[in-house]
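Listed below, chain by chain, are the residues.
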Amino acid sequence: MISQFPLLAALILVIIGFFAITLKKNLIKIVMGISIIGSGVNLFLISLGYKSAGVAPIFTNAPKLEMVLPIPQALTLTNIVIDLALVAFMLSLVILLYKHYGSLDIRNRRLKG
Amino acid sequence: MNLLLHAPILAISIPLLGGLATPIITKFGKRVRDSWIILSLLFTEFLVLILTHDILSNGIRTYTLGAKFPTDTIPIANFIPVRIVLELDAFSVFMAITSVTIALIASIYSLKFIKEGTAKSKYYTLLLLLTAAMVGLVFTGDLFSMFVFLEILSISSGVLVAFYSHKGEALEAAFKYIVISAVGALMILLAIGLLYGHYNLLNIAALANVLKFSFSDKVALVLLIAAFAMKCGAVPLHMWVPDAYGEAPAPISAVLVVASQAGLYALFRISFTLFSALPTIEIVAWSVIILGVLSMFIGVIMAISQKNIKRLMAYHAISQTGYMLLGIGVGLAVIGNINALNSFGITAMEGGIFHIINHAIYKGLLFLTAGAIIYRVGTKDLNKMGGLAHKMPFTTIFFLIGALAITGLPPFNGFASKLMIYESVFRFSPLLSIIAMMVSILTLASFVKVFYSAFMGPKLKEHNEIREVPKTMLIAMLVLALLTLLVGLFPDIVVDNIISPAAHALVDQSKYIGGVL
Amino acid sequence: MMGLLQTGTGFWNPLVWSVSLFIIVLLVYFIRFFGEKKYKPGTEQTMPFCSGSHPSELPIRANSIYWGFFKAMDKHYKALNRIHTGLLDDYVFWFIIVIVIMLTVLSIGGL
């Protein structure tokens, strides 16, 4: 059960992120929720590649032990960069929205129906 | 260099290079930039066309990135493909033709639609990035690169939705669009992680070979279907569609339609190629059918009551996506039963796939005419327009052709695909076919409303100085109207040569696996 | 023959349809040729018909088209518009609802 703990933590992070997006009414809190979901998915991906008593997957001067799987690390690095671009774009939209409407509340919307 | 051998990766990298080089080319002048854009898109279209010709005669083509020779997919020492493999079958090149054609026509239209001095070169950069992402999404044979291309598509189209950043509504629509896309894409990555953790494979063909349908695979399937259904705008996940399509510039709305169909492509690729041997595939198929019927019905009911011309057309895009989900969902439901599949299943899938290209053509035409109206009149509100047929005769004719095509009247192309869907769905379940026909009637009603209030009636005093739109915009609309008429008059040429191989390629899982392994 | 689309239970030939439409339009023009050719310009014969209301109330705006339909379905449209709130929270909420419903159906159906 202890070895499943990172997967459980990743699931809890994703649920917390969804709570933030669905229940909060402030734009910046919604962006934070997306970032938390991203962290949860990254943690889930990294912990998939774990082998007990494994070393980092680097070839130079490697000890003769088993290495953890390198592919999830590549997936996670790509995802970190993609989430960076998404959060940067969302925050710039938040800045422009605040300049237009003067408030960060999502109930202050014009498009409905 | 053998162009055909390297055409798959060139079709992704030429728009990418062209788009990212556009700000530098702008320094040489506006005409050089415009010809650079049109030449890049024309070259991509040429590459996709020669690929189509090759795949329709020779079968599946693969391209391995980073290998010594591009078609050896499995390295000698292993038994699984370890590099990123682009796998092109008939359905992929069909979607690629649709995407690149509509992107080309939209960029010809935006030569005059987007005014100078409003970051026009960055607009073209994003449009070419969007084309590269759409082509990359349909060409790839690898789950993770599908996710990466989906994210590139979301971010570049999100920035384009926020193009009119001096208006608050466009920013709000772009914020909603990007949050929804981000949530969907992160759930897709969670599902890919679940599949990878179980089988240690990311390639779609290799995964289809070893899939064992345990509970975590079913969870991954549900997450993937829900996230891709949200990307293509199925009810009840549709609420971002009117906001994003309504506030984007008109040529971008036409390209967003095709970008949403790329999400539809991914949905069907995963349901058919990965999960078609699932024992409870009927439950998945009925979920897709119910999503389709809900989209058709609620889309058109909300569309009749809109006052904003682009929101109305966006709700119709949701409704027509329901037709595609219905047609292909019926095909998915009978995939285990070989008699039913041969008698009406393949026809239903052909109808659904034919509807994809028809919808891209006539919805693109309708959005471009709405853009022409907004360009001259200056407002999107239907209550303030009237009597435009006196001043803009060509736009009226193109709008009439688009409206007749979307409701499914002969001899335009909407009728051919809707007839195939009605007849085959009727043999599956008559109630669904009757709902589809009622939705068609309501579509006609709402377009009669738009045509009457915008174009018919006496001349208004406030529209005195309105002339016809510039010639490049008229040429773009004319090409789409001619395509509507031609595909409608010769449907058998399109169906037998392009659509039928696509439907058979989707059903035949073993040929897709055999392309790589 | 060219233009014939088979749909499994029937067929559709747009070229034959267009040719027959052209012939029927010619027939209609031929019958119309025998009608009354004279009209009095400037009287009510040249005004558009507006079901009894005076032509100066034109143009009819988009708000009042199909008013009977919208008045009859007013209760349903109010309910639909209450669901389409425009709040970002509800968009993601529907996503979670669809995932939960599909998971329940798939796990119960798979047993």
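Residues numbered from 1 in each chain as written. Chains lettered and ligands numbered in written order. Predicted model: local features only at pLDDT ≥ 70, side-chain atom pairs only at ≥ 80, totals over all residues. Heavy atoms only, no water.

All right, on to the overall build of chain A then. Looking only at helices and strands, chain A has three helices and zero strands in total. Radius of gyration (C-alpha) of chain A: 19 Å, far over the 13 Å computed for a compact globule of 113 residues. Across its three principal directions, the C-alpha atoms of chain A cover 60 × 30 × 20 Å. Expressed as a percentage of the 113 residues in chain A, the buried residues total 34%. Nonlocal contacts in chain A, meaning residues at least 24 apart in sequence, comprise 51% of its contacts between residues at least 6 apart. Taken as a whole, chain A presents about 6700 Å² of accessible surface, with 70% of it coming from carbon and sulfur. (Helix = DSSP H or I, 4+ residues; strand = E, 2+ residues; numbered from the N terminus. Rg over C-alpha atoms; globule rule 2.2 N^0.38 Å. Buried < 20%, exposed > 50% of the residue type's maximum accessible area, 1.4 Å probe, protein only. Contact = heavy atoms within 4.5 Å. Areas by Shrake-Rupley, 256 points an atom, 1.4 Å probe, with all protein chains shown as cover.)

This part is about the interface of chain C and chain B. The partner chain B presents 59 residues to the 43 residues of chain C that form the contact. Area buried by chain C at its contact with chain B is led by Tyr91(C), Phe95(C) and Leu106(C), which between them contribute 15% of it. One can count zero salt bridges joining chain C with chain B. Residue contributions to the side of chain C that touches chain B peak at 13 residues, all from helix α4 (residues 88-109) of chain C. Its residues assigned to classes, the side of chain C that touches chain B comprises 30 nonpolar, 12 polar and one charged. (Buried area = accessible area lost by both parts, 1.4 Å probe. Salt bridge = Lys/Arg side-chain N within 4 Å of Asp/Glu carboxyl O. Nonpolar A, V, L, I, M, F, W, Y, C, P; charged D, E, K, R; others polar.)

Turning our attention to the confidence of the model for chain B. Confidence in the prediction for chain B averages 91 pLDDT; 99% of positions are at 70 or higher. Across the interface, the model reports ipTM at 0.95; the global pTM reads 0.94. (pLDDT = per-residue confidence, 0-100.)

This part covers the interface of chain B and chain A. Between chain B and chain A, the residue contacts involve 38 residues of the former and 36 residues of the latter. Roughly 3100 Å² is buried in total at the junction of chain B and chain A, and carbon and sulfur atoms are behind 82% of that figure. The largest contributions to the chain B side of the interface with chain A come from Phe175(B), Leu186(B) and Tyr196(B), which together make up 21% of the buried area. Counting across the interface, chain B meets chain A through zero salt bridges. Seen at the junction of chain B and chain A, the total is four residue pairs in polar contact (both at pLDDT 80 or more). Mapped by element, the contributors of at least two residues to the side of chain B that touches chain A are α5 (143-161), α6 (168-199), α9 (240-247) and α12 (309-333) of chain B. If one sorts the elements of the side of chain B that touches chain A by residue count, α6(B) sits on top with 20 residues. Residue classes in the side of chain B that touches chain A are distributed as 23 nonpolar, seven polar and eight charged. (Polar contact = N/O pair within 3.5 Å; in protein donor to acceptor, adjacent residues only side chain to side chain.)

What follows deals with the packing of aromatic side chains. Applying the stated criterion to the full structure yields 26 aromatic pairs over all chains. For the ring pair Phe69(C) and Tyr77(C), a centre distance of 6.4 Å and an interplane angle of 75° mean the geometry is edge-to-face. Residue class for Tyr77(C) comes out buried when judged on its relative accessible area of 7%. Aromatic ring contacts, followed pair by pair, group Tyr123(B), Tyr124(B), Phe163(B) and Tyr164(B) into a single cluster. Lying across the ring of Phe33(C), Lys37(C) places its NZ or CZ 4.9 Å from the centre. (Phe/Tyr/Trp six-rings, centres within 6.5 Å; stacked < 30°, edge-to-face > 60°. Lys NZ or Arg CZ within 6 Å of the ring centre and 35° of its normal.)

A few words on the nonpolar core. Phe139(B), Phe175(B), Tyr245(B) and Phe95(C) are the most contacted members of the largest nonpolar core, which has 261 residues in total. Discounting chain neighbours no more than four positions away, the residues touching Phe139(B) are Pro8(B), Ala11(B), Ile12(B), Leu51(B), Leu86(B), Glu87(B), Leu88(B), Ser92(B), Val93(B) and Ala96(B). (Core = buried A, V, L, I, M, F, W, Y, C linked by side-chain atoms within 4.5 Å.)

Another point: the pairing of strand β1 (residues 61-64) of chain B. All names here are of chain B. Neither face of β1 is exposed, since Arg-61 and Tyr-63 on one face and Thr-62 and Thr-64 on the opposite face are all buried. Two elements, β1 and strand β2 (residues 85-88), share four bridges in a ladder whose sense is antiparallel. Bridging across to β2, Arg-61 finds its partner in Leu-88. (Pairing = 2+ DSSP bridges.)

The next thing to look at is helix α17 (residues 471-489) of chain B. The terminal C-alpha atoms of α17(B), which comprises 19 residues, lie 26 Å apart, in line with the 27 Å expected from a rise of 1.5 Å per residue. Within α17(B), burial applies to Met473(B), Leu474(B), Ala476(B), Met477(B), Leu480(B), Ala481(B), Thr484(B), Val487(B), Gly488(B) and Leu489(B). Where the residues of α17(B) are buried, they touch α3 (90-113), α13 (338-377), α14 (393-407), α15 (413-428) and α18 (491-507) of chain B together with α1 (14-32) of chain C. (Expected span 1.5 Å × (residues − 1).)

For helix α4 (residues 120-139) of chain B, with 20 residues, the first-to-last C-alpha span of 29 Å sits near the 28 Å given by 1.5 Å per residue. Burial of α4(B) is extensive: 19 of the 20 residues sit out of reach of the surface.

Cis geometry marks the peptide bond from Val235(B) to Pro236(B); its omega dihedral reads 5°. Following the sequence through the fold, Pro236(B) ends up in the loop between α8 (215-232) and α9. That bond from Pro410(B) to Pro411(B) is cis: its omega, 0°, falls within 30 degrees of zero. Phi is positive for Phe213(B), close to 55°, though the residue is something other than glycine. Along the polypeptide, Phe213(B) turns up in the loop between α7 (204-210) and α8. Positive phi, close to 60°, is recorded for Tyr66(C), a residue that is not glycine. Overall, the relative accessible area of 29% leaves Tyr66(C) in the partly exposed class.

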